[in-house]
Amino acid sequence: MLIERVLIFLIFITGFIGLISMKNIIKKIIGLNLLNSAVVLLFILEASRIGDKAPILNDKIQNIVDPIPQALMLTAIVIGVCVTALSLAMSVRLYKTTGSLDITIIKERLENEY
Amino acid sequence: MNIDNFFLAPIFLPLLAASIVLMSKSFFPVKLRRFCEYIGILIGLLLPILIVFLLYPYVINNGSLSIVIGSYTPKIGIIYKFDSLSLVMILLTNLLSIPAWIYSRKVGPAHSYFTALVLIQSATIAAISMTSDIFNLFVCLEVMGLVAYVLIASKQERSAVFAAFNYMMYSSSSMVFFLLGSFGLYRLTGSLAYQEITKTLMTLSAKEQNLALVCLLLLIVPILLRVAIMPLSGWLINAHSKAPHAVSALLSGILIKIPLFVLVRVFSLSPVLQNLTLLLSYIGAATALIGVLFALAQSDAKKLLAYHSISQIGYIVTAWALALHHGIDTTIGALLLIAALFHSFSHAIFKGLLFLSIGTATDAAGSRDVYKIRGVNYMLRQKGEKFPLTMICFLIGALSIMAIPPFNGFFSKTLLTYYVKTSIHYTILSIAGIGTIASFIKLSRIFLPSKEIKKPIKELPTSKFPFSIHLSLIILALLSLLTGIFAQELFGLLENMFISTNQRPIKATIFFSKSNLLKTLYTVLGGILLFIIATNKPGSKILHKLKSLKTDFTDQYLAFAITIAFLSSFLLI
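Residues numbered from 1 in each chain as written. Chains lettered and ligands numbered in written order. Predicted model: local features only at pLDDT ≥ 70, side-chain atom pairs only at ≥ 80, totals over all residues.

Student: What's the story with the overall build of chain B in this structure? I'm lost.
Tutor: When helices and strands are tallied, chain B shows 23 helices and 2 strands. Relative to its length of 573 residues, chain B is compact, with a C-alpha radius of gyration of 23 Å against a globular reference of 25 Å. For chain B, the C-alpha atoms occupy an extent of roughly 80 × 60 × 50 Å along the three principal directions. Scored against the burial criterion, the 573 residues of chain B give a buried share of 55%. (Helix = DSSP H or I, 4+ residues; strand = E, 2+ residues; numbered from the N terminus. Rg over C-alpha atoms; globule rule 2.2 N^0.38 Å. Buried ≥ 20, exposed ≤ 12 C-beta atoms within 10 Å, placed from the backbone.)

Following this line, the structure appears as structure tokens:
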């Protein structure tokens, strides 16, 4: 259990570093995705603490996982996809209008614009 | 669906209307499409206002109406609860969305998508205001955010897209922490509904309590980021100033306040959080002051207004946090909450008015530099405006934000400061009021007649001035005036909702007392003095330094991390 948590933490940190320190906006978006996935994995891992069978109750299966976090994460993943799609669409527009994906260069080119 | 569940209509009607608009966009010819948009606004924004008024007696008599979606047990299902706070939030949203939408018809993004987005936003805000479930709150906040990002980027201008991108990265990544917080609370309490969490949190051991507090902070700080109090407000300036004018009005008027009032519920989860409120009230007061200083330094008209949004939200946060500090069940706490609500109402109205009128003026002038534009009236007349209505509406908005009677800003600011009179907040907020006046004198100069243009207009205006602009401005100006004149009655309505006893502590005399009017006079004089200082050499040097301060992408995360670390150390030690 511990090793999984350490790995999830590593994914989280990787995502966070990518989000903050990368100059390329596509890499930033990937970083955000990693952050999201880490939290999703954490929820799923936590749900499987009490069992590892799929929660289909009419088969009288014992040791089922906690179904609520799984249901929640389905929603969270959908939201994550929406955010990713929108941010990628915006980065396409930024690339077309400014000619760069580097956030500092984009900022420089927009500096004197009202 | 029985009559008790009527309160879900403010969520479903806008969604229905949005789907009608989008359907008509795909299948119908242009004329029918326009007609469908009007129908959509009628169903989605006007009808909920009527329903909310119908629900008002229910709220007064019963306190709140609630339902578990899908008839599950309350422990699993999502609970929606309609109370006085949700009533006010829905009213605020729909009341402001309508003029902003009307304005957008001719100027802004007059697209079917825009109409649909405004409707979806209204639906999500209604859902946010009613939900009693952390995860549902997360979903609604994210949807509200997504709508906001698209609205900002709808201008198609590259700087607007960049501002939206910046905001999106920042707030989406902070929402990941919100998710972490809700994970922690689910882990500790086994539930996501507010009531269950409150119940279970009481029974936890001391060590688990501390963990729960950190989780609660992870919920609170991302919401505070949306509210944009001072260290967390780096995203706001560009997002609000680069967006289309109608969207700026929506963002400043509604979107920064809704999360704040949702926080009232989050703060009720644990009694320990009350220790945080006094600190937050100081942060709010500081935000009001610093925001106004930055506003004074700006040369871009819309940036100036955006900094004023930060400053005014500081006022609201101060009253709100003090309300929580006293406890919203006590009379003084409820009164402070009413003051905060009333000020957010009047701020929404006058800031909407200011953004729309300044937007019209700067569009006509073709520039947004406050130092360069002069004689906007002349330019507007060239565009076909026969009567200087834009200027009059701007002046109404400006007088309102300066807290000059009889406009609504005077009443809400007076009420807000009335209850904090003995503390240091009062001094800070009064100084911020002086700054507000100075910066609006600076902004008003764009309407001064220009020296260069003196010849009368010979050629007839080429185009007719769009009526929709005037209509939206008139609606907002009238609202500003009416909520000022009938302030007393409005307080009565709000008191009925928030204070259960029959006592009426607010008297008309608190507004027009001699000391208040004198204070207004002094503030105006102070404002003029500050304006003179600021336009002189030493003053403008300092302001220029303030203006040249730039925030970077990573600075925002630093502010976020510092806020979480600071608040958690404050709570735990």
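Student: Help me out: how do you make sense of the overall build of chain A in this one?
Tutor: Looking only at helices and strands, one finds 4 helices and 0 strands in chain A. In chain A, the order of α-helices and β-strands from amino to carboxyl end is α-α-α-α. Relative to its length of 114 residues, chain A is extended, with a C-alpha radius of gyration of 19 Å against a globular reference of 13 Å. Here the C-alpha coordinates of chain A stretch approximately 65 × 30 × 20 Å along the principal axes. Considering only intrachain contacts with a sequence separation of at least 6, the fraction spanning at least 24 residues in chain A is 43%. (Contact = placed C-beta atoms within 7 Å.)

Student: How should the interface of chain B and chain A be read in this particular structure?
Tutor: The figure often quoted for interface size is the accessible area lost as the parts come together. Each side of the interface is counted separately: chain B has 27 residues, and chain A has 28 residues. When residues of the side of chain B that touches chain A are traced back to their parent elements, those giving at least two are α5 (134-153), α6 (158-189) and α23 (553-572) of chain B. For the side of chain B that touches chain A, the element with the most residues is α6 of chain B, which contributes 15 residues.

Student: I'm lost on the nonpolar core in this one. Help?
Tutor: Most often, soluble globular proteins keep nonpolar side chains buried together rather than apart. Ranked by size, the top nonpolar core spans 232 residues in total, and within it I152 and A164 of chain B carry the most contacts. Among the elements that make up this core, the one with the highest residue count is helix α14 (residues 331-365) of chain B (21 residues). Of the domains in this structure, domain 1 (1-268 + 538-573) and domain 2 (270-535) of chain B are the two that each give at least three residues to this core. With residues up to four places along the chain from it excluded, the contact list for A164 of chain B reads M90 of chain A together with Y149, I152, A153 and A239 of chain B. (Core = buried A, V, L, I, M, F, W, Y, C linked by C-beta atoms within 7 Å. Domains from an automatic or database assignment.)

Student: Honestly, the domain arrangement of chain B in this entry has me stumped. Any pointers?
Tutor: Residue and element names in this part refer to chain B. Taken as a whole, chain B is organised into domain 1 (1-268 + 538-573) and domain 2 (270-535). Computed over C-alpha atoms only, the centres of domain 1 and domain 2 are separated by 22 Å. Contacts between domain 1 and domain 2 engage 46 residues on the former and 52 residues on the latter. Going through the elements one at a time, α2 (30-62), α3 (84-104), α8 (206-227), α9 (236-242), α10 (245-255), α11 (258-267), α22 (537-547) and α23 are the ones with two or more residues in the side of domain 1 that touches domain 2. Per-element tally for the side of domain 1 that touches domain 2: the top contributor is α3, with 9 residues.

Student: So what exactly am I meant to see when it comes to unusual backbone geometry here?
Tutor: Excluding glycine, most residues fall at negative phi; most peptide bonds, likewise, are trans. Residues and elements named next belong to chain B. Between P405 and P406 the backbone carries a cis peptide bond, its omega angle lying at 5°. As for its placement among the helices and strands, P406 is situated in the loop between α16 (389-401) and α17 (408-418). Located in the positive-phi region is A228, a residue other than glycine, with phi close to 65°. Within the fold, A228 resides in the loop between α8 and α9.

Student: Any chance you could explain the packing of α3 of chain B against α14 of chain B here in plain terms?
Tutor: The geometry of a pair of packed helices is captured by two quantities: the angle between their axes and the separation between those axes. Residue and element names in this part refer to chain B. α14 packs onto α3 with a crossing angle of 5° between their chain directions and a minimal axis gap of 11 Å. Between α3 and α14, the angle falls in the class roughly parallel. In contact with V88, L92, L96, P99, A100 and Y103 of α3, α14 contributes L341, S344, F345, A348, G352 and L356. For the contact of α3 with α14, the per-class residue count stands at 10 nonpolar, 2 polar and no charged. (Axes fitted to C-alpha atoms, helices over the stretch in contact; angles between N-to-C directions. Parallel < 35°, antiparallel > 145°, perpendicular 65-115°, else oblique. Nonpolar A, V, L, I, M, F, W, Y, C, P; charged D, E, K, R; others polar.)

Student: Whenever I open this one, the pairing of strand β2 (residues 79-82) of chain B confuses me. Can you help?
Tutor: Strand residues, when the strand is regular, have side chains that alternate between the two faces of the sheet. Residues and elements named next belong to chain B. Here β2 shows no split at all, with I79 and K81 on one side and Y80 and F82 on the other all buried. Here strand β1 (residues 65-68) runs beside β2; their pairing, made up of 4 bridges, is antiparallel. Opposite V68, over in β2, you have I79 as the bridge partner. (Pairing = 2+ DSSP bridges.)

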